[in-house]
Amino acid sequence: MDTPEERTPDIPDTRTMPVIAAGERESLEAWLEFYRQTLPWKVGGLTAEQLCRAAIPPSALTIAGIVRHLTDVERFWFSNVAAGTGEKALYREADRSADFNGYGEEAALADVAAYSAELERVRAHAASVADLSAPLPGLWRGREMNLRWVYTHMIEEYARHLGHVDLLRECLDGSTGY
């Protein structure tokens with residue numbers, strides 16, 4: 001008897017829209033969290049093969065690559081810049097494109113799990129920064145950053161890549177979503 005193919009867990013859409021009349025930090029954090037919760041929901045139920053399939057030729061972009069990329073950017077901005085930890089990238093250490101190109105079916109499901117684990121770590125780093133305007137301990141290209149800029153950048157990073165995931169997912173299995 002064949003065993004069912006392993007898949008990412010199906011995630012029900014339990015996301016909460018951010019409060020409309022929130023303060024600045026609450027609004028930035030709520031929008032980033034909304035997008036962070038959107039990624040697992042959009043990749044729910046996919047097999048390793050689907051995660052790794054480039055579904056829109058001639059582009060080589062895959063959902064696995066996007067998940068790996070977002071995992072590394074979360075680590076960079078919140079562990080290295082916001083907390084100043086100097087941690088190595090999970091995927092991009094030896095090759096700056098390995099997050100997008102170095103994936104494989106044998107690790108794709110583990111890469112999705114690594115994304116969720118990384119979020120647990122980086123949320124604590126952001127919460128430890130008291131002031132949105134204060135310079136952060138880590139630098140980006142030799143420049144000081146503040147948490148406001150990091151939050152804003154991460155919101156646009158997710159918005160862009162979740163649009164890519166929408167297109168890839170629709171090509172893979174017809175699923176569309178908000």
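Going along each chain's sequence as written, the residues are numbered from 1 onward. With the structure being a predicted model, the display of local features is reserved for residues of pLDDT at least 70 and the display and counting of side-chain atom pairs for 80 or more, all residues being used for whole-chain, interface and lining totals. To get the side-chain values, take all heavy atoms of the structure and skip hydrogens and water.

Peer 1: Sorry, what's going on with the overall build of the protein chain here?
Peer 2: Counting its regular elements, the protein chain contains six helices and two strands. Each principal axis of the C-alpha distribution contributes one length, and for the protein chain these read about 60 × 40 × 30 Å. Classification of residues uses two cut-offs on accessible area relative to the type maximum, computed with a 1.4 Å probe and protein chains only: under 20% is buried, over 50% is exposed, and between them is partly exposed. Across the 178 residues that make up the protein chain, the buried fraction comes to 43%. Values of accessible area rely on a 1.4 Å probe in the Shrake-Rupley scheme; residue burial ignores everything except the protein chains shown. Accessible area for the protein chain stands at about 9,400 Å²; split by element, carbon and sulfur atoms hold 55% of it. Where helices and strands are cited, they refer to DSSP runs of H or I of at least four residues and of E of at least two residues respectively, numbered from the N terminus.

Peer 1: Where do I start with the environment of W77 in this structure?
Peer 2: The residue W77 is located in helix α3 (residues 63–82) in this model. On the accessibility criterion, W77 (4% relative accessible area) is buried. Between the C-alpha atoms of W77 and G138, which are 61 residues apart in sequence, the distance is 8.6 Å. Identification of polar contacts relies on pairs of N or O atoms within 3.5 Å, with a donor-acceptor requirement for protein atoms, meaning one able to donate a hydrogen and the other able to accept it, and with residues adjacent in sequence counted only if both atoms are side-chain atoms. Separated by 3.5 Å, the side chains of W77 and H153 make a polar contact.

Peer 1: Looking at this structure, how should I read the pairing of strand β2 (residues 143–146)?
Peer 2: If a strand is regular, its side chains alternate between the two faces of the sheet. Sheet analysis places strand β1 (residues 135–140) next to β2, joined by three bridges and oriented antiparallel. Bridging across to β2, W140 finds its partner in R143. Here β1 folds back onto β2, and the loop between the two strands holds two residues, one of which, R141, carries a positive phi near 50°. Here, a strand pair is defined by DSSP locating no fewer than two bridges between the strands.

Peer 1: Before we go on, may I ask you to explain the confidence of the model for the protein chain in this structure?
Peer 2: Close inspection of predicted coordinates is inappropriate for parts of the model with low pLDDT. Counting all residues, the mean pLDDT for the protein chain is 92, and 97% of those residues have values of 70 or more. Highest mean pLDDT in the protein chain belongs to α3 (97); lowest belongs to helix α4 (residues 98–101) (87). Summary of the metric used: pLDDT quantifies the predictor's per-residue confidence within the range 0 to 100.

Peer 1: In this structure, what is going on with the nonpolar core? I would like to understand it.
Peer 2: What we call a nonpolar core is a set of buried Ala, Val, Leu, Ile, Met, Phe, Trp, Tyr and Cys residues that are connected through their side-chain atoms within 4.5 Å. Within the largest apolar cluster, 42 residues are counted, with the highest numbers of intra-cluster contacts made by V43, I63, W77, F78, L147 and Y158. Going through the elements one at a time, α1 (24–43), α2 (48–52), α3, α5 (105–127), β1 and α6 (147–173) are the ones with two or more residues in this core. Contacts were defined at the residue level, with two residues in contact if any of their heavy atoms lie within 4.5 Å. Excluding residues that lie within four positions of it along the chain, V43 makes contacts with T8, L51, I63, V67, V112, V165 and R169.

Peer 1: Would you take a moment to explain the environment of A98 for this structure?
Peer 2: With respect to the helices, strands and loops of the structure, A98 is situated in helix α4. Residue classification places A98 among the buried residues on the basis of a relative accessible area of 12%. The spacing of A98 and F78 is 20 residues in sequence and 20 Å in space, taken between C-alpha atoms. In this structure A98 touches R68, Y91, R92 and Y103, once residues within four positions along its chain are discounted.

Peer 1: Could you clarify how one ought to interpret α5 in this entry?
Peer 2: It helps to recall that an α-helix has 3.6 residues per turn; residues three or four apart then point in one direction. Compared with the 33 Å implied by 1.5 Å per residue over 23 residues, the 34 Å span of α5 between its first and last C-alpha is a close match. Of all the residues in α5, the buried ones are A108, D111, V112, Y115, E118, L119, V122, H125 and A126. On its buried face, α5 is in contact with α1, α2, α3 and α6. By definition here, a helix of n residues has an expected span of 1.5 Å times n minus one.

Peer 1: Help me understand the pattern of salt bridges in this model?
Peer 2: Two side chains with opposite charge may pair up if their charged atoms get near one another. Salt bridges are defined as contacts in which a side-chain nitrogen from Lys or Arg sits within 4 Å of a carboxyl oxygen from Asp or Glu. Counting across every chain of the model gives 18 salt bridges. As a salt-bridge pair, R36 and E74 come within 2.8 Å of each other at their nearest N and O atoms. Within this pair, whereas R36 is found in helix α1, its partner E74 is found in helix α3, the two being separated by 38 residues in sequence. Note on R36: relative accessible area 5%, which makes it buried. Across the salt bridge formed by D99 and R92, the nearest N and O atoms sit 3.6 Å from each other. Among the charged side chains, a salt-bridge network with shared partners connects E33, R36, E74, E120 and R123.

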